[in-house]
Amino acid sequence: MTEPTYRIYALRYARRDARRHEHFIGGDPHDAPMPMDYFVWVAVNDDRAVVIDTGFTAEVAARRKRDYLRCPIESLPLLGVDPDAVEDVIISHLHYDHVGSFHKFARARFHLQEAEMHYACGHFMKHKKLRHSFEVEDVVGIVRMTYADRTVFYLGDGEVAPGITVHAVGGHSMGLQCVRVNTERGQVVLASDVTHFYENMDSGRPFTTAFHVGAMLDGFDTLRALAPSPRHIVPGHDPEVMRRYPAVPGLEGIAVELHRNPSA
């Protein structure tokens, strides 16, 4: 049976100025500007829309000094997606910039790795360095969703819907997962924070926020094994994504089409 195909969109909702040393363990000898974009993603076909990650709120953006461009969930109708009708949301991990607006979905189930919930609620959160990437109210909110029968936990790889699978990677966060989506150009791998930038993976230098560095390095290999080619891997925070992929007509600078071939 042929797997269904999806259109995939990356929606840019925030950004921040940063420098190269902030993005590579061990720093970087050429400490030039290296800004970061923040995205949510959505996979759509005639049968369903599956949202991947939910971004953060304006309040969190102000506290963490991020440039908040738009509410990612309230912007989904720009892509023809009604948040109230979405039934499945994949959470790559529970860091603040990937789960923060979960409460804006009226009925969705949230798909995440059980290891990530253990991490966010476990003893490692006694370390300020590790808990800095979490917002406690987000974590508590997902616990509440569990008690409301609105979470789906995975112990490793799994299928969310025909043509959409999740793959446990870890490293950056204990329960980090990437997502593979079947499209007209083949299997596209949404890396999320398995690789923040193209350069993290291409140079073999992981991002500075790390739970397990070895698993982060292994994660680069996992991305390559899941994807038909490097052109099918989409990093989680690289502004280059907005330049390489064609813009959604009328949404230039806001959303791009990942089911189309990139320019590089």
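Note that the structure is a prediction, hence the values are computed from the model and not measured. (Residues numbered from 1 in each chain as written. Predicted model: local features only at pLDDT ≥ 70, side-chain atom pairs only at ≥ 80, totals over all residues. Heavy atoms only, no water.)

Engineer: Tell me about the packing of helix H3 (residues 114–121) against helix H5 (residues 136–147), and name the residues and values.
Structural biologist: Each pair of packed helices can be described by the angle between their axes along with the distance between the axes. Contact geometry for H3 and H5: axes closest at 10 Å, N-to-C directions at 130°. With respect to H5, the axis of H3 lies oblique. The handedness of the crossing between H3 and H5 comes out as left-handed. Of the residues in H5, those in contact with Met 117, Ala 120 and Cys 121 of H3 are Val 139, Ile 142, Val 143 and Thr 146. (Axes fitted to C-alpha atoms, helices over the stretch in contact; angles between N-to-C directions. Helix = DSSP H or I, 4+ residues; strand = E, 2+ residues; numbered from the N terminus. Parallel < 35°, antiparallel > 145°, perpendicular 65-115°, else oblique. Left-handed = near helix turned anticlockwise from the far one by under 90°. Contact = heavy atoms within 4.5 Å.)

Engineer: Before we move on, could you go through the pairing of strand E9 (residues 164–168) and cite the residues and values that matter?
Structural biologist: Within E9, four of the five residues are buried, leaving the element largely enclosed by the surrounding structure. For strand E8 (residues 158–161) and E9, the ladder comprises three bridges, and the chain directions are antiparallel. Looking at the pairing, Glu 159 lines up with Thr 165 of E9. Linking E8 to E9, which pair antiparallel, is a turn of two residues; within it Gly 163 sits at a positive phi near 90°. In the sheet, E9 pairs with strand E10 (residues 177–183) via five bridges, with the strands oriented antiparallel. Paired with Ala 168 across the strands is Gln 177, a residue of E10. (Buried < 20%, exposed > 50% of the residue type's maximum accessible area, 1.4 Å probe, protein only. Pairing = 2+ DSSP bridges.)

Engineer: Quick one: what's the story with the pattern of salt bridges, residue by residue and with numbers?
Structural biologist: Scanning the entire structure with this criterion turns up 19 salt bridges. The salt bridge involving Arg 224 is made with Asp 221; its shortest N-O contact spans 3.3 Å. With a gap of three residues between them, Arg 224 and Asp 221 both fall in helix H7 (residues 213–226), about one helical turn apart. Looking at Arg 224, the relative accessible area reads 40%, which means it is partly exposed. With relative accessibility at 46%, the residue Asp 221 sits in the partly exposed group. (Salt bridge = Lys/Arg side-chain N within 4 Å of Asp/Glu carboxyl O.)

Engineer: Pulling in residues and values, what's your account of the UniProt feature "domain: Metallo-beta-lactamase" (unreviewed entry) in the protein chain?
Structural biologist: As recorded in UniProt, the feature "domain: Metallo-beta-lactamase" (unreviewed entry) lies at residues 37–237. Strand forms 26% of residues 37–237 and helix 27%; the C-alpha atoms that close the span are 5 Å apart. (UniProt positions renumbered as here; feature names shortened; annotations may be inferred.)

Engineer: Would you mind going over the sheet that holds E9 in detail, with residue names and values included?
Structural biologist: Reading across from one edge, E8-E9-E10-E11-E12 is the order of the five strands in this open sheet, with mixed pairing throughout. Bordering the open sheet on either side are E8 and strand E12 (233–235), each of which pairs with just one other strand. The average undirected angle you get between the axes of adjacent strands in this sheet is 25°.

Engineer: Please set out H5 residue by residue, giving values where relevant.
Structural biologist: An ideal rise of 1.5 Å per residue puts 16 Å on 12 residues; H5 measures up with 17 Å between its terminal C-alpha atoms. Buried within H5 are the following residues: Asp 138, Val 139, Gly 141, Ile 142 and Met 145. Down the axis, H5 shows its buried residues gathered within 160° of arc, on one side only. More than 90 degrees from the buried face of H5, the exposed residues found are Val 136, Glu 137, Arg 144 and Tyr 147. Tucked into the core, H5 has its buried residues touching helix H2 (96–99), strand E6 (109–113), H3 and strand E7 (151–154). Downstream of H5 by a residue or two, Asp 149 has a phi angle that is positive, lying close to 60°. (Expected span 1.5 Å × (residues − 1). Arc of directions from axis to C-beta.)

Engineer: Describe in detail the side chain of His 167, supporting the description with residues and values.
Structural biologist: Take His 167: it is sitting in strand E9. Since its relative accessible area comes to 8%, His 167 is described here as buried. One polar contact links His 167 to Asp 157, side chain to side chain, over a distance of 3.5 Å. When neighbours within four sequence positions are excluded, His 167 is seen to be in contact with Asp 157, Leu 176, Gln 177, Cys 178, Arg 180 and Leu 226. (Polar contact = N/O pair within 3.5 Å; in protein donor to acceptor, adjacent residues only side chain to side chain.)

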